[in-house]
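A structural walkthrough
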Number of protein chains: 2
Amino acid sequence: MTINDIAALTGVAASTVSRALSRPDRVNRVTRERIQAAARELNYVPNTQAQALSSGRTETVALLVSDATNPFYFGLIRGAQQQLRAAGHALLLIDTEDSAELENHLLHKVRRSVDGVILAASRLPEQTLSVIAAELPVVTVNRNVPRVRSVVIDSPDGVMQAVEHLVSLGHRAIAYVAGPPSSWANEARWRAMRTAMARHGLTAARVGPFGVSRSSGSVAADALLNTGATAGVTFNDLLAIGILQRLAERGVDVPGEISVVGCDDIFGADFCSPPLTTLTAPIEQAGRVAVSMLLDHLEHLGETPSRQTVLLPTHLTIRQSSGPAPRR
Amino acid sequence: MTINDIAALTGVAASTVSRALSRPDRVNRVTRERIQAAARELNYVPNTQAQALSSGRTETVALLVSDATNPFYFGLIRGAQQQLRAAGHALLLIDTEDSAELENHLLHKVRRSVDGVILAASRLPEQTLSVIAAELPVVTVNRNVPRVRSVVIDSPDGVMQAVEHLVSLGHRAIAYVAGPPSSWANEARWRAMRTAMARHGLTAARVGPFGVSRSSGSVAADALLNTGATAGVTFNDLLAIGILQRLAERGVDVPGEISVVGCDDIFGADFCSPPLTTLTAPIEQAGRVAVSMLLDHLEHLGETPSRQTVLLPTHLTIRQSSGPAPRR
DNA sequence: CAATTAATGGCAACCGGTTGCCACCCGGTT
DNA sequence: AACCGGGTGGCAACCGGTTGCCATTAATTG
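An account of the accompanying structure is given in this report. The model shown is predicted, which means the values in this text are computed figures rather than measured ones.

Each helix and strand in chain A was counted, giving 12 helices and 12 strands. Its C-alpha radius of gyration of 25 Å places chain A more than 25% over the 20 Å reference for a compact globule of 328 residues. In terms of its C-alpha atoms, chain A occupies a principal-axis envelope of roughly 90 × 35 × 30 Å. In chain A, which comprises 328 residues, the proportion classed as buried is 55%.

Structure follows, in structure tokens:
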């Protein structure tokens, strides 16, 4: 079932078979149809390796996530997968285990076996990213680096909405519950929070950093309570859900005593207890857009892209974890 | 940065470079070290495609899931990913979108670009699976097919535990909320359920089939209530969580009026409302084991495997969605 | 009718490694 | 001195396609 078998069977040269299948207009109609029929009959599937070797294109894209079990990535993976399949490409999933070193190493390793990579939540320093982007098509998600294409979810804007929401409910002491320091989005959200607070003459407290797992939520919840804030905006939903659990354990009423706002609207945010008020992010769309940008980039290698970065809007979804500030 | 560049730089033949890197003992120590140093310096990474082409091994394994957003797979993906990385292999993730046809098509397409595949929740008929397994190393998850290696989570046993639990709480009318008919696990669970019920002289009701999404939960909840059962065992947690939501909407008290038991213990099962009593499955372990079996198979191609199928135990995790049967 | 051009298909090099086979060099034997 | 065998490294074929180039043939054109 190689190109040669088909060539032998149809009595033409291998090169003709190759053309009949990949450049149909380059070969005579009757010859082509004979070859295609034979290929179908023999159930021929071209060897990707061989194609990649000579053409230099692997039709494969790597998606690097920092933790494959983080529900945030589910949507991203899905969106990317959909768009890739539509284009006939394959998805190589890589879990960097939240380590910049491992990320760099793996990136280096797959460098030559993929056409491009999508970096979701890269932990790499800007400098390193630039270097990588220069030698390999890259699209980042939620990370802005000069001269690197990216799709970023506008959570800073969402954070502002969240602050407005909380302030309008009478909250004055609001804290930001920070995620990993190496996360670009984390800093962006914190800045947005301070800006929004300042607009009302308020200053935001900040606790953390915390890991992004539900278990970190316990520590975070205690730290949050300790600030005396009546509301907390968290780096992401995973952390927020962990906080809700801990608060329930400690018998703290949400939103009666304290309001909690998450970020991303991941799976589970709508059915945790109480359902989480959060910034709904178009995660799946982000995955699709990232792939589109990458594929577009691949087709116009060398050209300067029209849009370097796409900003996706978020909106606040109000559920039951936020409510009026408690009377003092 | 090809083998030839290194050859030129060190003044040896390309074949020697190849050997120095892949069969170190086949070349003299000083030559080898010189070559290795040069390789390191030039930051050489072998071209996977080229290696695959000549060696026939791609060091890549495909994982087929029926729906990448189903939290059940997160753990599986994670486990597989971990074990694969440890072995230096890459993971190709494929979403079959719950279609047997697409599954077959994609399987066929990647056939030659992976060393083997792991089929999580295959929708393919047994016959087709046998054919595929004959021409490609395959390990299935939660699916038992003669002559195909598999790792199956012993949820039937778990279902029996669940029935015992419910019966001991006084339930007599228990219904099974079925998942997709094409799911092998679905039938296995239903059989286990009937057996367990029969042991107590009871017969189980059955509703469904339902899709495995939370939204299907609404329909399922109504159907479940309609049977008059005081408890329901569901095909999986996703469905169970959907049911809980719908029941809450309808003002039905869980577990006061009806108990619900899920299956798998996915992300979210512990923090939904009420927290779900469910069969805790070692999902991540299943992923790891599946990969181990596959890699083991690859190393001993042609040999008859020692164990064709590995059965992983489950246990019942009791939370708040199950309780005593209501008095009539 | 000769000349130019377009369509078609074969040849062979190439992508970047891997590997069987052989030649060569060396020290050790007899 | 002739012989032997192990250690090394080069040659070249091969994996399965892709593609530039050229020869052949047919069709178009002045």
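The subject of this paragraph is the sheet that holds strand 6 (residues 174-177) of chain B. The strands making up a sheet are joined through hydrogen bonds of the backbone, oriented either antiparallel or parallel. Residue and element names in this part refer to chain B. Strand order in the open sheet formed by six strands is 7-6-8-9-10-12, with mixed pairing between adjacent strands. Sheet topology places strand 7 (205-207) and strand 12 (315-317) at the edges, where each strand pairs with a single neighbour. Each neighbouring strand pair of the sheet contributes to a mean axis angle of 25°, computed without reference to strand direction. As paired strands, strand 9 (residues 259-264) and strand 10 (residues 277-280) are joined by four bridges and run parallel to one another. Each bridged residue has a counterpart across the sheet, and for valine 261 the counterpart in strand 10 is threonine 277.

Quick look at the relation of the copies chain A and chain B now. Here the two chain copies are tied together by a rotation about an axis and a shift along that axis. Aligned on chain B, chain A shows an RMSD of 0.1 Å; the corresponding rotation is 180° and the shift along the axis is 0.0 Å. The relationship between the two copies is best expressed as a two-fold rotation axis. Interface overlap between copies is the fraction of interface residues in one copy that are interface residues in the other; for chain A against chain B it reaches 100%, indicating a shared surface.

Let's shift gears to the pattern of salt bridges. Applying the stated criterion to the full structure yields 28 salt bridges over all chains. The closest approach of N and O atoms between Asp270(B) and Arg214(A), which form a salt bridge, is 2.7 Å. Here the residue Asp270(B) occupies a position in the loop between strand 9 and strand 10, and Arg214(A) occupies one in the loop between strand 7 (205-207) and helix 10 (216-226), the pair thus bridging two chains. Measuring nitrogen to oxygen at the nearest pair gives 3.3 Å for the salt bridge that ties Glu59(B) to Arg57(B). Glu59(B) gets classed as partly exposed once you look at its relative accessible area, which sits at 32%. On the accessibility criterion, Arg57(B) (36% relative accessible area) is partly exposed. In the salt-bridge network here, residues are joined through shared partners; they are Asp222(A), Arg246(A), Glu249(A) and Arg250(A).

This part is about the protein's contact with DNA strand D. Taken together, 26 residues surround DNA strand D, and among them Ser18(A), Arg19(A), Thr16(B), Arg19(B) and Thr31(B) come closest. The contact in question runs from a base oxygen of DNA strand D to an N or O atom on the side chain of Arg19(B), over 2.6 Å. Contact distances for DNA strand D include 3.3 Å between a base oxygen and a backbone N or O atom of Ser54(B). Sorting the residues of the surface near DNA strand D by element identifies helix 2 (14-22) and helix 4 (48-55) of chain A together with helix 2 (14-22) and helix 4 (48-55) of chain B as the ones contributing at least two each. Looking at the surface near DNA strand D residue by residue, the class counts come to eight nonpolar, 12 polar and six charged.

To continue, consider the pairing of strand 11 (residues 309-312) of chain A. Residue and element names in this part refer to chain A. Burial of strand 11 is one-sided: the residues Val310 and Leu312 facing one way are buried, the residues Thr309 and Leu311 facing the other way are not. Two strands pair when backbone bridges link them, and strand 5 (residues 149-153) and strand 11 are joined in this way by four bridges, in the parallel orientation. Residue pairing for strand 11: valine 152 is matched across the bridge by leucine 311.

With that settled, the discussion passes to unusual backbone geometry. Between Val254(A) and Pro255(A) the backbone carries a cis peptide bond, its omega angle lying at 5°. Within the secondary structure, Pro255(A) sits in the loop between helix 11 (237-249) and strand 9 (259-264). A positive phi angle, near 60°, is found at Asn43(B), a position not held by glycine. Of note, Asn43(B) is situated in the loop between helix 3 (29-41) and helix 4. Overall, Asn43(B) belongs to the partly exposed group, its relative accessible area being 44%.

What follows deals with the environment of Leu84(B). Residue and element names in this part refer to chain B. Take leucine 84: it is sitting in helix 5 (residues 71-86). Leucine 84 sits 66 residues away from serine 18 along the chain, and the two C-alpha atoms are 25 Å apart. Look past the residues within four positions of leucine 84 in its chain and what remains in contact with it is Val61, His89, Ala90, Leu91 and Val291.

How each quantity is defined
- Residues numbered from 1 in each chain as written.
- Chains lettered and ligands numbered in written order.
- Predicted model: local features only at pLDDT ≥ 70, side-chain atom pairs only at ≥ 80, totals over all residues.
- Heavy atoms only, no water.
- Helix = DSSP H or I, 4+ residues; strand = E, 2+ residues; numbered from the N terminus.
- Rg over C-alpha atoms; globule rule 2.2 N^0.38 Å.
- Buried < 20%, exposed > 50% of the residue type's maximum accessible area, 1.4 Å probe, protein only.
- Pairing = 2+ DSSP bridges.
- Axes fitted to C-alpha atoms, helices over the stretch in contact; angles between N-to-C directions.
- Least-squares fit on C-alpha atoms with pLDDT ≥ 70 in both.
- Contact = heavy atoms within 4.5 Å.
- Salt bridge = Lys/Arg side-chain N within 4 Å of Asp/Glu carboxyl O.
- Near = heavy atom within 4 Å.
- Polar contact = N/O pair within 3.5 Å; in protein donor to acceptor, adjacent residues only side chain to side chain.
- Nonpolar A, V, L, I, M, F, W, Y, C, P; charged D, E, K, R; others polar.

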